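# A look at the structure
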Number of protein chains: 2
Amino acid sequence: MELDERKQKILDAIIRTYMETGEPVGSRTISKYSDLNLSSATIRNEMSDLEEMGYIIQPHTSAGRIPSDKGYRLYVDHILESKDQEIQEFKDLMLERTDKLEQMLQQVVKVLAANTNYATMVSTPAVKGNKLKFIQLSKVNSTQILAVIMMEGNLVRNKVIDVTEELDQETVLKLNILLNSVLNGRSIEEINLAMIQNLKEQAGIHSELIASVIDAVAEVIHAEDEVKIYTSGATNIFRYPELSDNGKASEIISTFEEKQELTDLVNQTLENSDNQGIQVYIGQESPIQAMKDCSVVTATYELGEGLQGTIGIIGPKRMDYENVLKTLKTLTEQLDEIYNKRKK
Amino acid sequence: MELDERKQKILDAIIRTYMETGEPVGSRTISKYSDLNLSSATIRNEMSDLEEMGYIIQPHTSAGRIPSDKGYRLYVDHILESKDQEIQEFKDLMLERTDKLEQMLQQVVKVLAANTNYATMVSTPAVKGNKLKFIQLSKVNSTQILAVIMMEGNLVRNKVIDVTEELDQETVLKLNILLNSVLNGRSIEEINLAMIQNLKEQAGIHSELIASVIDAVAEVIHAEDEVKIYTSGATNIFRYPELSDNGKASEIISTFEEKQELTDLVNQTLENSDNQGIQVYIGQESPIQAMKDCSVVTATYELGEGLQGTIGIIGPKRMDYENVLKTLKTLTEQLDEIYNKRKK
DNA sequence: TGTTAGCACTCAGAGGGGCCGAGTGCTAAT
DNA sequence: ATTAGCACTCGGCCCCTCTGAGTGCTAACA
């Protein structure tokens, strides 16, 4: 059987209606609502076909039809194809923009949740192929050294290193210079064993400390450690009866609270960025098991210099894809812009 | 009317039974369950008195009685009076203890939620009268300086400062020495205007930068900014039917997610620490409106040197106070111990 | 041949009635 | 002061019915 234009239109009408109401939609509704001017009987026939083809589902006899994952997928793919969408302004949000990236992201995720009425999340940017700007060792006390590591994009990480040998100020200074002269401007991938060996030799008796510092650098740069995730509006899922069943709701909210699985989502999203970085997971497609009854829309934003983060919106399968996609697109663009301004 | 011993015992029995079952408890139950050897009729008379005195409530005619906030309060106060409670071990938790305080706290809050089946939260320590260990300025590029500020307790904060004037390495070094010589070992309260003035004078043309740095120090030290709150087990509230009513659950979980109000709770807790730092808010007593149907138990832990944080457990009013109080006491002691070991 | 009207059928959900049992308050007896 | 007994209350549960939305099928129609 073929999905001709009329069937498409009917499917579209079904999905739209269902997105609004959340109730199974019947033939009569479509017959009246849409501008197809077909009787309910005809619609029924078509619906029967659509069901056979797997685009819609009847939750039980004598109920209307609801879209299946496959139906949603078709719908979303259509939207994704349609090219330029108008741009909505986030001025009010951006007015309050702060210098602190993390605070801003928290702001973003809140506004997003409030605007969309879905659950939202955002990850801080992961470091990817990022380069060292400089390392600064400072003596804390006789047995501890503070290593401050700054990367491109002004990301700063600290680590306190315990040392066995006592160091004087001068030695610390020398080690500083040594480390910086060799490591600055390198990405983690570029720092190889030969380089480390070389460093150790030059450091002489302090080679052990060098090893510690390198370890710290490696640890610190390793992205996963430091990707933070902010969420908001998890309780929005109570708005959608099909999700607020106690077991489901609890699972989804737990996932939001514990965040571990969200990290997986972020990583997966970053791996397959395409289509302007926006991805839509419908139902079972979702990488997170707890969200198999939801749709998850993710977008990748980039603050330049290999700093990529993810924004995600989680809602019912009948979410307002059109609006969500548009909003996410706008938002990621705005984030780009912020970065560029800050750079200037 | 007086609360004689028998009434006390009956009240106690009512509360304990209700804590177990979550159902209103009737006179017959108490008559059989307790070792008072009184008929249900007698119990009924006493219950009638207890109700009049405000310790118990009848949710509706022909239902049993449940404890009122006042009843719980009496019960909790009794427990708090009873002195030495046995100590329960958290060895498995502590085995995994890491150097990273925040990671450990996250661990703590998770274990706590899993063990108690209540919702839990923990705040990172707030800085209070804490002293500067040192300040380190580093040149990032021609217009930016990185200030690393280390406090007692090895708390490190970073801030990138934009500067208008170009600085060479040597100047940065000089400013470093200047700042450290004046500010080291001072707490934020000790840094006064005269000191700042003095610094500025010595800095000459760079006085503006000094001002920026001082601002940064102030900002960074200001506790509220940096108190982070971790939560876990928010969905545990679904275990308790009296809380899992949709509206209430949603409110509580939102509070947990947004965290702003939890900060208020933390602050309030830190302000009135007494009774080994453990406080119990029952129902309306809670500083957080959303939790007016819950009980909130908070404990203050101290990592020495003015670093205080808060642990909180949020559950139904019929929570197992005895166990919760014991657990919290143990936990805070363990945290103390960790600090002492780390110090050594 | 595609579309429509009509009709019998299905089924979830709302509403109502009746029953049950837990629990109370009161009274009279011990 | 305590207890036994009794009438009464009331929420929760089960069962039934009714309703209305929706379907599939068939026959008529253009």
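The model shown is predicted, which means the values in this text are computed figures rather than measured ones. (Residues numbered from 1 in each chain as written. Chains lettered and ligands numbered in written order. Predicted model: local features only at pLDDT ≥ 70, side-chain atom pairs only at ≥ 80, totals over all residues. Heavy atoms only, no water.)

## A look at the overall build of chain A
- Across its full length, chain A holds 13 helices and 11 strands.
- By sequence separation, contacts in chain A at least 24 residues apart represent 61% of the contacts at least 6 residues apart.
- Surface exposure of chain A reaches about 16,100 Å², of which carbon and sulfur atoms provide 46%. (Helix = DSSP H or I, 4+ residues; strand = E, 2+ residues; numbered from the N terminus. Contact = heavy atoms within 4.5 Å. Areas by Shrake-Rupley, 256 points an atom, 1.4 Å probe, with all protein chains shown as cover.)

## Some words on the pattern of salt bridges
Residue and element names in this part refer to chain A.
- Under the definition given, this model contains 29 salt bridges over all chains.
- Close ionic contact of Lys9 with Glu5 constitutes a salt bridge, the shortest N to O distance being 3.9 Å. With Lys9 and Glu5 both in helix α1 (residues 5-21) and 4 residues apart, this pair spans about one turn of that helix.
- A network of salt bridges, in which partner residues are shared, links Arg6, Lys7, Glu46 and Asp49. (Salt bridge = Lys/Arg side-chain N within 4 Å of Asp/Glu carboxyl O.)

## Re the protein's contact with DNA strand D
- Residues in contact with DNA strand D amount to 21 residues; listed here are only the nearest, Ser27 of chain A together with Arg6, Thr42, Thr61 and Ser62 of chain B.
- Among the atoms of DNA strand D close to the protein, meaning within 4 Å, 78% are from sugar or phosphate groups.
- For DNA strand D, a phosphate oxygen lies 3.0 Å from a polar atom in the side chain of Arg65 of chain A.
- Between DNA strand D and the protein, one listed contact pairs a phosphate oxygen with a backbone N or O atom of Ser39 of chain B at 3.2 Å.
- It is helix α3 (residues 40-53) of chain B that contributes the most residues to the surface near DNA strand D, 4 residues altogether.
- Considered class by class, the residues forming the surface near DNA strand D number 5 nonpolar, 12 polar and 4 charged. (Near = heavy atom within 4 Å. Polar contact = N/O pair within 3.5 Å; in protein donor to acceptor, adjacent residues only side chain to side chain. Nonpolar A, V, L, I, M, F, W, Y, C, P; charged D, E, K, R; others polar.)

## Brief notes about helix α7 (residues 169-183) of chain A
Residues and elements named next belong to chain A.
- In a regular helix each residue adds 1.5 Å, so 15 residues correspond to 21 Å; α7 covers 21 Å between its end C-alpha atoms and thus fits that length.
- If you check which residues of α7 are buried, you get Thr171, Val172, Leu175, Asn176, Leu178, Leu179, Asn180, Val182 and Leu183.
- Count one or two residues on from α7 and you reach Gly185, which has phi positive near 80 degrees. (Expected span 1.5 Å × (residues − 1). Buried < 20%, exposed > 50% of the residue type's maximum accessible area, 1.4 Å probe, protein only.)

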